[in-house]
Amino acid sequence: MKRGTGIAPHHVAIIMDGNGRWAQQRGRPRLFGHQAGARRLREIVRVCPDLGVKYLTIFAFSTENWKRTQIEIAGLMTLFRRYITLETKALVREGVRVRFIGDRIRLDEKLVWLMDELELMTADNSRVHLTIALNYGGRDEVARATRRLAQEVRANRLNPDTVNEETFAHYLDTYFLPDPDLVIRTSGEARISNFLLWQSAYAEYEFIDTLWPDFTKEVFTEIVTGYSGRERRFGAVTA
Ligand code: FPP
């Protein structure tokens, strides 16, 4: 028999997939779908406190997304800049702390400046922790973490014999986050696509057919409520 924890997932991570198909179904350019997706994100962030979700991490742009057309990439970067510019005030007011994970090296200067500014402006907030993965890839993150760790060893600041899971996690982009309890992917694909590989070792997964722009707060609420009824054992056996 399943015994639910009865508690909401503390940390939910979402792979927001299906914007392109949503736009295509309407005979519109892909960017139209991304814009609708950005509006949906706003709605989902706002409902988190009511559901007891303290941490929300979303996959906005992957290290693989650079393979898309120049037009789509430029459109997405403009959308990220606009989202930050237009949303900062509301995010500050609503107690959302925003942080970014991923490699900033390939992102344009103006966008990185806005990201830094938003992190700074929301640094005192703690009602909801929104983490946006931008130019993020799980393998890339592990490689970058390993590089930093190796540099510490070379500089004699770290004894390699002391490296364990906990010390390694400290070098990941997500050092400030608890592991996700629940990972949701929209649009019917049952893949994790290089998202939070290390961190999701014990997460529950939910793959749903809904395209991201149709992912309403009601759909989110249903999934979060469903999670509370599941049992998590972390590899242990329950009596
Ligand atoms: C995947 O859909 C979506 C993305 C690659 C971009 C996600 C971005 C947003 C939802 C915009 C809002 C985000 C922020 C931070 C403002 P897809 O294009 O792969 O869809 P498809 O599989 O149907 O082609």
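Structural data are supplied above this passage.
In what follows, the accompanying structure is described. What you are looking at is a predicted structure, and each value in this text was computed from that prediction instead of being measured.

Below, the discussion takes up the overall build of the protein chain. Helices and strands together make up the secondary structure of the protein chain, namely seven helices and six strands. When the helices and strands of the protein chain are listed from N to C terminus, the series reads β-α-α-β-α-β-α-β-α-α-β-β-α. Over its C-alpha atoms the protein chain spans a radius of gyration of 18 Å, differing by no more than 12% from the 18 Å that the globule rule assigns to 239 residues. Buried positions account for 49% of the 239 residues belonging to the protein chain.

Okay, the packing of aromatic side chains next. Scanning all chains against the criterion turns up eleven aromatic pairs. Centroid distance F61 to W66: 4.9 Å. Interplanar angle 75°. Geometry classified as edge-to-face. For the pair F61 and W66, one class covers both residues: buried. For the ring pair Y205 and F207, a centre distance of 5.9 Å and an interplane angle of 5° mean the geometry is stacked. Using a relative accessible area of 29% as the deciding quantity, one classes Y205 as partly exposed. Among the aromatic side chains, those forming a connected cluster through ring pairs are F59, Y136 and F195. It is R26 that lies over the ring of W22; its NZ or CZ is 3.9 Å from the centre. Across from the ring centre of F32, 4.0 Å away, lies the NZ or CZ of R28, which sits over that ring.

As a further point, take the site of the ligand. Residues in contact with the ligand amount to 18 residues; listed here are only the nearest, D17, G20, R21, R30 and R68. Separating an oxygen atom of the ligand from a side-chain N or O atom of D17 is a distance of 3.0 Å. Within the contact set of the ligand, an oxygen atom lies 2.8 Å away from a side-chain nitrogen or oxygen of R30. Within the complex, the protein chains bury 92% of what would otherwise be the 620 Å² of accessible surface of the ligand. The site holding the ligand turns out to be the largest pocket.

Moving on to the pairing of strand β1 (residues 11–15). A large share of β1 lies buried, amounting to five of its five residues. In β1, alternate side chains face the same way, and those of H11, A13 and I15 on one face and V12 and I14 on the other are all buried. Bridge analysis of β1 against strand β2 (residues 55–62) gives five bridges, and the strand direction is parallel. Bridging from a neighbouring strand, I14 pairs with I58 of β2. In this structure, β1 lies alongside strand β5 (residues 182–185), joined through four bridges in parallel fashion. Each bridged residue has a counterpart across the sheet, and for I14 the counterpart in β5 is I184.

Spatial strand order, β3-β4-β2-β1-β5-β6: six strands in an open sheet with parallel pairing. Bordering the open sheet on either side are β3 (96–101) and β6 (204–207), each of which pairs with just one other strand. Between one strand and the next, the sheet's axes are offset by a mean angle of 20°, whatever the strand orientation. Inspection of the sheet shows β5 paired to β6 by four bridges, in the parallel sense. Bridging across to β6, L182 finds its partner in E204. Contacting β3 and β4 (128–136), helix α4 (residues 109–121) runs over the sheet at an angle of about 145° to β3. Contacts from helix α7 (residues 217–228) reach β1, β2, β5 and β6 within the one sheet, and its direction differs from that of β5 by about 145°.

The element β2 is extensively covered by neighbouring structure, given that eight of its eight residues are classed as buried. By the bridge criterion, seven bridges tie β2 to β4 in an arrangement that is parallel. Looking across to β4, one finds that Y55 is bridged to H129.

Quick look at the side chain of H11 now. With respect to the secondary-structure elements, H11 resides in strand β1. Among the residues examined, H11 registers a relative accessible area of 1% and is labelled buried. Of note is the side chain of H11, whose polar atom sits 2.8 Å from the backbone oxygen of P178. When near neighbours in sequence (up to four residues on either side) are disregarded, H11 contacts Y55, L56, T57, L177, P178, D179, P180, D181 and L182.

Parameters and conventions
Residues numbered from 1 in each chain as written. Predicted model: local features only at pLDDT ≥ 70, side-chain atom pairs only at ≥ 80, totals over all residues. Heavy atoms only, no water. Helix = DSSP H or I, 4+ residues; strand = E, 2+ residues; numbered from the N terminus. Rg over C-alpha atoms; globule rule 2.2 N^0.38 Å. Buried < 20%, exposed > 50% of the residue type's maximum accessible area, 1.4 Å probe, protein only. Phe/Tyr/Trp six-rings, centres within 6.5 Å; stacked < 30°, edge-to-face > 60°. Lys NZ or Arg CZ within 6 Å of the ring centre and 35° of its normal. Near = heavy atom within 4 Å. Polar contact = N/O pair within 3.5 Å; in protein donor to acceptor, adjacent residues only side chain to side chain. Areas by Shrake-Rupley, 256 points an atom, 1.4 Å probe, with all protein chains shown as cover. 1 Å grid on protein atoms, 1.4 Å probe; cavity = no way out; pocket = protein on both sides within 12 Å on 5 of 7 lines; lining within 4 Å. Sits in = over half its atoms within 2 Å of the grid points. Pairing = 2+ DSSP bridges. Axes fitted to C-alpha atoms, helices over the stretch in contact; angles between N-to-C directions. Contact = heavy atoms within 4.5 Å.

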